[in-house]
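Next come the chains, spelled out residue by residue.
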Number of protein chains: 2
Amino acid sequence: MTRRRGEIPLLLAMTYRAMTEALHDRIAAEGREPLRPAHGYTFRLLLDHADVTSVDLADHLGVTKQAASKIVAELEGWGYVERRPHPTDGRARVLALTDKGHAYVRHADEMWAEIEDRWAAVIGAQRLDDIHHDLRAYVDEVAGGRAVLRPVW
Amino acid sequence: MTRRRGEIPLLLAMTYRAMTEALHDRIAAEGREPLRPAHGYTFRLLLDHADVTSVDLADHLGVTKQAASKIVAELEGWGYVERRPHPTDGRARVLALTDKGHAYVRHADEMWAEIEDRWAAVIGAQRLDDIHHDLRAYVDEVAGGRAVLRPVW
DNA sequence: GCTGGTAGTCAATCAGGTTGACCATCTTAG
DNA sequence: CTAAGATGGTCAACCTGATTGACTACCAGC
C-alpha cells in the first residue's frame, strides 16, 4: 500500500478537470457555443433513453428541475435539442436531439476518442478498459447506483 | 473496445461525487463545520509543502487569489489553519495547520481509508493501486502536470 | 532609489444553482 | 364520477462561490 489516503478523489478531480478542459478548449477553438459538461451529459441521456423529460434530466444531473429546465432552454436556443409534446402526458414535454444535436454528438465522440487515446497511449488500452469497469463498479456497487453527476466543490 | 466514447469523464465525475459525498455525509453527521473538498485539498497542500501562501493555494486549486483567500479565512475562523508572517517576504503570510487542523487530517485519513477500502473490496487492492497510478499518469504525462483541481460543471 | 512586479484586501458583479409559489394535468380512492 | 393529492413545468426571488478590477504595501533589479 503506497497510496496516500484521500489522494484518489483528488486525482479523480484533476483528471476529470483536465479531460473536460481538453474538450472545452477544442470546442472554443471551433467557435462553437459554450457547451459545458452538463450539456454533454444531457446529450448522452437523450441518446440512451426515449421520452426523456426535464424532470428526468434533473434527476440524472443531480440538480433541481428548474436548473435542468434552464439547461434545456439553452440547448433549445442553440438548436441542439427540441421539445415535443409528450405522447401520453399533457403536462410533460419530451426532449429530443435535433439534426444539429446528433451531428455534434458524433463530432464530440471523435474528440473524446482522441483524448482517451492519448491516455491509452500512456497506460495501455487494457488499463483504460479496467478503469472504466472499476469506476462503474464503484458507482453501482459501492454508491448503490444512486450516484449523481454534478461535482461538488 | 467495448467502451463508449466520452463515458470515462462521466464515470470520473460520478465516482468523484459519490466519494466526496460519502465523506461529506460523515462530516455532517459529526456536526463538524461544513468542510468542502476545497478545504481538504488545502490541508493536503499544507501537509506537503512548507511556506505556502494564499497565492500558492490559488494556483493549486485553480481559482483566483481572492477566492483562495476566502477559503483561508473560513479555515482560520474555524481554527483549522493560521496565518503567520512570512520568514523573508513582508507582504506575504504563510499558512499553517493548527493542532485542530492536524487532528482533523488524521481523522479524515481514516475516513478516506474506509471509503477507499469499500471500493478495494469490490475491485481488489491491486486495481485501486493501478487506478492511482494511471490517474497520476494522465495528469502528469497527458495533461502535462498543469492539471488543476476545481471541477467545471 | 526609481520602476516594475507580486501578496493581499476590498468592493462590485456574475453565473449557476436553490427555494418557494403557482398552474395545469394526471392519477387514484371512494 | 369526482374530489384530493401527486407530478411536470414555469416564474421570480434569493444565495453561494466564484470573477474582475482597483488599490495598498512590499519586494527586487537595474
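Residues numbered from 1 in each chain as written. Chains lettered and ligands numbered in written order. Predicted model: local features only at pLDDT ≥ 70, side-chain atom pairs only at ≥ 80, totals over all residues. Heavy atoms only, no water.

Caption draft 1: The protein's contact with DNA strand C, seen in detail. Around DNA strand C, the structure places 22 residues, and the nearest of them are Gln66 and Gly90 of chain A together with Lys65, Arg91 and Trp153 of chain B. Restricting attention to atoms of DNA strand C within 4 Å of the protein, one finds that 54% of them are sugar or phosphate atoms. Lysine 70 of chain A places a side-chain nitrogen or oxygen 3.3 Å from a base nitrogen of DNA strand C. Within the residue set of the surface near DNA strand C, elements represented by two or more residues are α4 (65-78) of chain A together with α3 (54-61) and α4 (65-78) of chain B. Here the residues of the surface near DNA strand C are counted per class, giving 5 nonpolar, 8 polar and 9 charged. (Near = heavy atom within 4 Å. Polar contact = N/O pair within 3.5 Å; in protein donor to acceptor, adjacent residues only side chain to side chain. Helix = DSSP H or I, 4+ residues; strand = E, 2+ residues; numbered from the N terminus. Nonpolar A, V, L, I, M, F, W, Y, C, P; charged D, E, K, R; others polar.)

Caption draft 2: View of the protein's contact with DNA strand D. Around DNA strand D lies a shell of 21 residues, among which Arg91 and Trp153 of chain A together with Thr64, Gln66 and Gly90 of chain B are the nearest. Of all DNA strand D atoms lying within 4 Å of any protein atom, the proportion belonging to sugar or phosphate reaches 55%. Note that a base oxygen of DNA strand D is positioned 2.3 Å from one of the side-chain N or O atoms of arginine 91 of chain A. Between a base oxygen of DNA strand D and a side-chain N or O atom of glutamine 66 of chain B, the distance comes to 2.5 Å. Going through the elements one at a time, α3 (54-61) and α4 of chain A together with α4 of chain B are the ones with two or more residues in the surface near DNA strand D. When its residues are assigned to classes, the surface near DNA strand D shows 5 nonpolar, 8 polar and 8 charged.

Caption draft 3: Highlighting the relation of the copies chain A and chain B. Taken as rigid bodies, chain A and chain B are interconverted by a rotation of 180° and an axial shift of 0.0 Å, the fit giving an RMSD of 0.0 Å. Such a combination of turn and shift is consistent with a two-fold rotation axis. A shared binding surface is used by both copies, with 100% of the interface residues of chain A retained as interface residues in chain B. (Least-squares fit on C-alpha atoms with pLDDT ≥ 70 in both. Contact = heavy atoms within 4.5 Å.)

Caption draft 4: Looking closely at the packing of helix α2 (residues 37-48) of chain B against α4 of chain B. All names here are of chain B. Where α2 meets α4, the closest approach of the two axes is 11 Å, and the angle between their N-to-C directions is 80°. Judged by the inter-axis angle, α2 sits roughly perpendicular to α4. Contact residues: α2 offers Ala38, His39, Thr42 and Phe43, while α4 offers Ile71, Glu74, Leu75 and Trp78. In terms of residue class, the contact of α2 with α4 is built from 5 nonpolar, 2 polar and 1 charged. (Axes fitted to C-alpha atoms, helices over the stretch in contact; angles between N-to-C directions. Parallel < 35°, antiparallel > 145°, perpendicular 65-115°, else oblique.)

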